Amino acid sequence: MKSSQKYTQKTLSSASATSGGEEPQHDMADENSPISVRILRSELQAYRDGMMNDIKTQIDNMHENLREDISSLREEAKADTNKLRHELSQKIEALHETHAETTSIQKDMERALCDTTDRLTALEKDHETLKKDYNKLHDKCLDLENRSRRNNLRVVGINEDAEGGNPSRFMAEFFSEVLGKENDDSLIMIDRAHRTLAPKPRTGERPRAMIVCLHYYTDREKILRLSREKGRLFYKGSPVHIFPDMNPEVSKLRASFNPVKGKLRNAGVPYSLYYPAKLTITVNNAKHSFTDPREAEKFVSTHVQIVNFRGSLLESSE
């Protein structure tokens, strides 16, 4: 704007100079005279050239400023990009290291897991083998222990200190008195006799059982047979019981059949309890064997009712 005003003022001054300072003559001159038009054209041309030069100069300045700004922005963007790239490179390198470490750990864990699986499989096989061997040895030990007791008897119900200082002689007299002297057709040889190894009971508590080792197995079988034939046994007014002496584990298995045996005795059904714990029941001339007391209980519950029903029918018919 300043340049345009400058050129306008210059044009006006030149126009006034041409007229020679005579304003009336200028006013009376023809506006379409060749001199005025030429002067105006030249002034306009000069004004246009000046404007164009100013615009060009301003455009060049603006272009230069834009170039400098773009260059500055480009440098800043480049610096930021390089910085970001450096940071990303460091983080990616750290991620690669972490991934490599994780991969190495994973491979180690896979190898360890494979080794553990193989070892576990081998241990399971060894465990199965040892379990089978243990069961065989356990059964064999039970069998050997019970065979070592096959000449023994367990007598329950004898008061403490009744045997005095000679348990073997006391038990010989005990069998003769309890089973009847009429059955004492031969001398019973007793190798040893003693109380069980439990602590001595206090007054009023249940006395310990007597363990009697007979010299002959036939004497043991004879005493058991006579005790079954006589039924309830008494010694000096107190009830006593005579049992085979067996391993505690086998004794528990055999004792688990006691409720079933009681029902069978009450119903008059013949039965046998074989070693180690196998109950055989005879019903209608057919034998049924059981090693599980619960199965035997179910069987007996059904067949004992049948036997009792038949017995009631027989009594009513008589």
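Residues numbered from 1 in each chain as written. Predicted model: local features only at pLDDT ≥ 70, side-chain atom pairs only at ≥ 80, totals over all residues. Heavy atoms only, no water.

Looking only at helices and strands, one finds eight helices and eight strands in the protein chain. Expressed as a percentage of its 318 residues, the buried residues of the protein chain come to 23%. The long-range fraction of contacts in the protein chain, counting pairs at least 24 apart against all pairs at least 6 apart in sequence, stands at 58%. Counting every atom, the protein chain has about 24,100 Å² of accessible surface; 55% of that belongs to carbon and sulfur. (Helix = DSSP H or I, 4+ residues; strand = E, 2+ residues; numbered from the N terminus. Buried < 20%, exposed > 50% of the residue type's maximum accessible area, 1.4 Å probe, protein only. Contact = heavy atoms within 4.5 Å. Areas by Shrake-Rupley, 256 points an atom, 1.4 Å probe, with all protein chains shown as cover.)

A word on the environment of Ser301. Mapped onto the elements, Ser301 comes out in helix 8 (residues 293-317). C-alpha separation for the pair Ser301 and Leu264, spaced 37 residues apart in sequence, amounts to 9.6 Å. Polar side-chain contacts of Ser301 include one of 2.7 Å to the backbone oxygen of Glu297. (Polar contact = N/O pair within 3.5 Å; in protein donor to acceptor, adjacent residues only side chain to side chain.)

Applying the stated criterion across every chain, the model contains five aromatic pairs. Ring plane angle 90° and centroid distance 5.9 Å describe the contact between Phe170 and Tyr235, whose orientation is recorded as edge-to-face. Residue Phe170 is located in helix 4 (residues 167-179), and its partner Tyr235 is located in strand 4 (residues 233-235); the two are separated by 65 residues in the primary sequence. With respect to class, Phe170 is no different from Tyr235; both count as buried. Aromatic ring contacts, followed pair by pair, group Phe170, Phe174, Phe175 and Tyr235 into a single cluster. Taking NZ or CZ as reference, Arg150 lies 5.1 Å from the ring centre of Tyr217, over its face. (Phe/Tyr/Trp six-rings, centres within 6.5 Å; stacked < 30°, edge-to-face > 60°. Lys NZ or Arg CZ within 6 Å of the ring centre and 35° of its normal.)

Another aspect to go through is the sheet that holds strand 6 (residues 271-274). Across the sheet, three strands lie side by side as 6-7-8; this open sheet has antiparallel pairing. Looking at which strands have only one partner, the edges of the open sheet turn out to be strand 6 and strand 8 (286-290). Taking each pair of neighbouring strands and ignoring which way they run, the sheet shows an average axis angle of 20°. Where strand 7 (residues 278-283) meets strand 8, five bridges bridge the pair, whose relative direction is antiparallel. Across the sheet, residue Ile281 finds its bridge partner in strand 8, namely His288. (Pairing = 2+ DSSP bridges. Axes fitted to C-alpha atoms, helices over the stretch in contact; angles between N-to-C directions.)

Moving on, we get to the UniProt feature "coiled-coil region" (unreviewed entry) in the protein chain. Mapped onto this structure's residue numbering, the UniProt feature "coiled-coil region" (unreviewed entry) falls at residues 56-83 and 120-147. The straight-line gap between the two end C-alpha atoms of residues 56-83 is 39 Å; of that span, 100% is helix and 0% is strand. (UniProt positions renumbered as here; feature names shortened; annotations may be inferred.)

A general feature of soluble globular proteins is that nonpolar side chains tend to end up buried together. Core analysis: the biggest nonpolar cluster contains 22 residues, and Val155, Met171, Phe174, Phe175 and Ile242 have the highest contact counts within it. Put simply, the parts of the chain that give this core at least two residues each are strand 1 (152-156), helix 4, strand 2 (190-195), strand 3 (210-214), helix 5 (217-230), strand 4 and strand 5 (238-244). In terms of residues, this core owes the most to one element, helix 4, which gives six residues. With residues up to four places along the chain from it excluded, the contact list for Met171 reads Val155, Ile158, Ile190, Ala193, Met210 and Val212. (Core = buried A, V, L, I, M, F, W, Y, C linked by side-chain atoms within 4.5 Å.)

Let us now look at helix 4. Spacing of three or four residues puts side chains on the same side of an α-helix, whose turn is 3.6 residues. Under the 1.5 Å per step criterion, the end-to-end length of helix 4 is 18 Å for 13 residues, consistent within 8% with the ideal 18 Å. Taken as a whole, helix 4 has its buried residues at Phe170, Met171, Phe174, Phe175, Ser176, Val178 and Leu179. Of the surrounding secondary structure, the elements contacted by the buried residues of helix 4 are strand 1, strand 2, strand 3, helix 5, strand 4 and strand 5. Looking at the residues trailing helix 4, positive phi occurs at Gly180, about 100°. (Expected span 1.5 Å × (residues − 1).)

Tallying each qualifying case throughout the model produces 13 salt bridges. The salt bridge involving Glu160 is made with Arg208; its shortest N-O contact spans 3.2 Å. You can see Glu160 sitting in the loop between strand 1 and helix 4 and its partner Arg208 sitting in the loop between strand 2 and strand 3, a full 48 residues away along the chain. No difference in accessibility class separates Glu160 from Arg208, as the two residues are buried. Through salt bridges that share partners, Glu145, Arg149, Arg154 and Asp245 make up one connected network. (Salt bridge = Lys/Arg side-chain N within 4 Å of Asp/Glu carboxyl O.)

Further remarks concern the side chain of Asn152. Take Asn152: it is sitting in strand 1. Its relative accessible area of 9% is what places Asn152 among the buried residues. Among all residues touching Asn152, those that are not within four sequence positions of it are Ile211, Val212, Cys213, Arg220, Pro244 and Asp245.

What follows concerns a nonpolar patch on the surface. A surface patch of nonpolar side chains, about 270 Å² in accessible area, is lined by Leu84, Leu88 and Ile92. Relative to the helices and strands, Ile92 resides in helix 3 (residues 34-148). For Ile92, a relative accessible area of 44% translates into the label partly exposed. (Patch = residues over 30% accessible without salt bridge, like charges linked within 9 Å, V, L, I, M, F, W, Y side chains within 5 Å.)

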